[in-house]
Amino acid sequence: MEYRINFINNSFRRFAKAHKDELLSAFWDCLERGALILREEVSRLEDNLAKYIGTKYAVGVNSGTDALFLSLKALGIKGNWNYLLERVYQGEISIEEAHKLFEGDEVITVAHTFIASIQCIVHCGAKPILVDVAENELMNPELIEAAITKRTKAILPVHFHGKVCDMDRIMELAKKYNLYVIEDGAQALGSTFKGKMAGSFGDTGCFSFNTPKLLGGFGDGGGIVTNDKSLCEKIYLLRNHWNMAQTSVRMADFPTPEIVQWAWKSRLDNIQAGLLNVKFKYYHDFLERRKQIADMYCEGLKDLPLKLPTYSEGDVIQEFIIRIGSAEERERFKKLMDEKSIEILIRETIPNHKLKNLYLDNFSLPVTESISKDAVRLPAYPELTDEEVNYIISVIREFYSKK
């Protein structure tokens, strides 16, 4: 279907058109120099990211998912849960037996997130322990302490759609129980909590540069920030086969150690970094425009019988999520939006802990489940025009007038 207003596609198409010369110049500069893997552009983006977040170090990686996974690996999170699940899938043992045979670490996170936040824990062999979110759709800090056991090694808070979790309480618990904190800031680049940037609280902060994200690139990409030099060094090695010497400009600060370990390949493409550096120059403008769009939605929809998001000082707008009452009403809503050529996103139809064969359904998460029934994401990218935003508002008002 050809939408008059699509959910995200016009964002990067319009930006590319408006900044074609800059983007082509950055692209061609990399080609002319043959600078394609871990060259100056990656280092410059790392410097830009660390400076922006206010941390000492940043590492560019292949994706936000890898940022989470490599953070966990670098911190030594491990176990045999992935191996046991494979045995369950093969019919060798039951899931009850798997729980009894589990040896390793537990990591506390939420189900109200993209699956990568949980997946990376399992790939490390650790067991994900899920707590519910509060009504603001962020990890409920009052539920964390009861989920901590002798196996707990880390908390992985998810800063969802531009809002930052209660990091005061989370860091307090982490200190009390000697736990690592890995912040999932994929949807919160630029968000602050009490004046401090998302990603700068924990042992690492993880960001995604995937195309739909706030600093969306032209493909996949991710970044990790930290204040720990030894942790940064380990992540550098883990992302590149435990090798700093191979085409890296960070060798002076982080030489390859003599003792080698098994590692992965998770390098941010140099051309991708060059294009992201162009976008970084306009990032403040992106965030300001997203706030303007959110304000237009809030004003235009304030008297309708739907639940609008609320924003605090320091929040950024990744997506504008409304809740409209029920799954049935949501289907009628989507049908009208399709008829009017407006693309919306409905993602949380089945919450992660209810997906079959992931064996997470032992967790009781009523708020997460309620959100999955009626949440709708509206377009909020900065390249939307006022005319388009007002058209979306008018169609939503038409939906409720027909009721």
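A count of helices and strands for the protein gives 15 helices and 11 strands. Against the compact-globule benchmark of 22 Å for 403 residues, the protein has a radius of gyration of 22 Å, which places it among compact chains. Dimensions of the protein, computed from the C-alpha atoms along their principal axes, are close to 70 × 60 × 40 Å. Scored against the burial criterion, the 403 residues of the protein give a buried share of 57%. In the protein, 71% of the contacts between residues at least 6 apart in sequence involve partners at least 24 apart. Summing over all exposed atoms, the protein offers an accessible surface of approximately 18,200 Å²; the carbon and sulfur share of this is 50%. Between the averaged position of the 52 positive side-chain charges in the protein and that of its 57 negative side-chain charges there is a distance of 1 Å.

Our next topic: the packing of aromatic side chains. One pass over the full model with this rule turns up 16 aromatic pairs. Judged by centre distance (5.1 Å) and plane angle (55°), the ring pair of Y236 and F254 falls under tilted. Taken together, the residues span a long stretch of sequence, with Y236 in helix α10 (residues 229–238) and F254 in the loop between α10 and α11 (270–280) at a distance of 18 residues. Here Y236 matches F254 in class, with each residue buried. Following the ring pairs from residue to residue traces out a cluster consisting of F15, Y52, F280, Y282, Y283 and F286. One cation-aromatic arrangement involves R4 over Y391; the distance from NZ or CZ to the ring centre is 3.9 Å. Between K279 and the ring centre of F15, over which it is positioned, the NZ or CZ distance is 4.9 Å.

Before going further, it helps to spend a moment on the environment of I259. Among the secondary structure elements, I259 is positioned in the loop between α10 and α11. For the pair I259 and R14, spaced 245 residues apart in sequence, the C-alpha to C-alpha distance is 48 Å.

This next bit is on the nonpolar core. Core analysis: the biggest nonpolar cluster contains 64 residues, and L72, M139 and L156 have the highest contact counts within it. Y297, F320, Y381 and Y400 belong to the second-largest nonpolar core, a separate cluster that totals 33 residues.

This paragraph deals with the environment of F7. Here F7 shows up in the segment before α1 (9–18). Counting along the chain gives 373 residues from F7 to A380, while the straight-line C-alpha distance between them is 7.9 Å. Excluding residues that lie within four positions of it along the chain, F7 makes contacts with E319, E343, I344, L345, R377, L378, P379 and Y381.

Of all 5 residues making up strand β8 (residues 204–208), 5 are buried, and the element is well covered by its neighbours. Across the two faces of β8 the burial is the same, with T204, C206 and S208 and G205 and F207 all buried. In terms of strand pairing, strand β5 (residues 180–184) meets β8 through 3 bridges, oriented parallel. Paired with E183 across the bridge in β8 is G205. In terms of strand pairing, β8 meets strand β9 (residues 222–226) through 4 bridges, oriented antiparallel. In the strand pairing of β9, C206 is matched with I224.

Bringing the pattern of salt bridges into the picture now. Under the definition given, this model contains 23 salt bridges. The partner of E92 in a salt bridge is R87, and the shortest N-O contact between them spans 3.1 Å. A relative accessible area of 24% places R87 in the partly exposed class. E135 is the salt-bridge partner of R323, the closest N and O atoms lying 3.9 Å from each other. Taken together, the positions of R323 in strand β10 (residues 320–323) and E135 in the loop between β3 (127–131) and α8 (144–147) put the pair 188 residues apart, joining distant regions of the chain. Connected through shared salt-bridge partners, D29, R33, E40 and E41 make up one network.

Rules and cut-offs
Residues numbered from 1 in each chain as written. Predicted model: local features only at pLDDT ≥ 70, side-chain atom pairs only at ≥ 80, totals over all residues. Heavy atoms only, no water. Helix = DSSP H or I, 4+ residues; strand = E, 2+ residues; numbered from the N terminus. Rg over C-alpha atoms; globule rule 2.2 N^0.38 Å. Buried < 20%, exposed > 50% of the residue type's maximum accessible area, 1.4 Å probe, protein only. Contact = heavy atoms within 4.5 Å. Areas by Shrake-Rupley, 256 points an atom, 1.4 Å probe, with all protein chains shown as cover. Lys, Arg positive; Asp, Glu negative; His and termini not counted. Charge placed at Lys NZ, Arg CZ, Asp CG, Glu CD. Phe/Tyr/Trp six-rings, centres within 6.5 Å; stacked < 30°, edge-to-face > 60°. Lys NZ or Arg CZ within 6 Å of the ring centre and 35° of its normal. Core = buried A, V, L, I, M, F, W, Y, C linked by side-chain atoms within 4.5 Å. Pairing = 2+ DSSP bridges. Salt bridge = Lys/Arg side-chain N within 4 Å of Asp/Glu carboxyl O.

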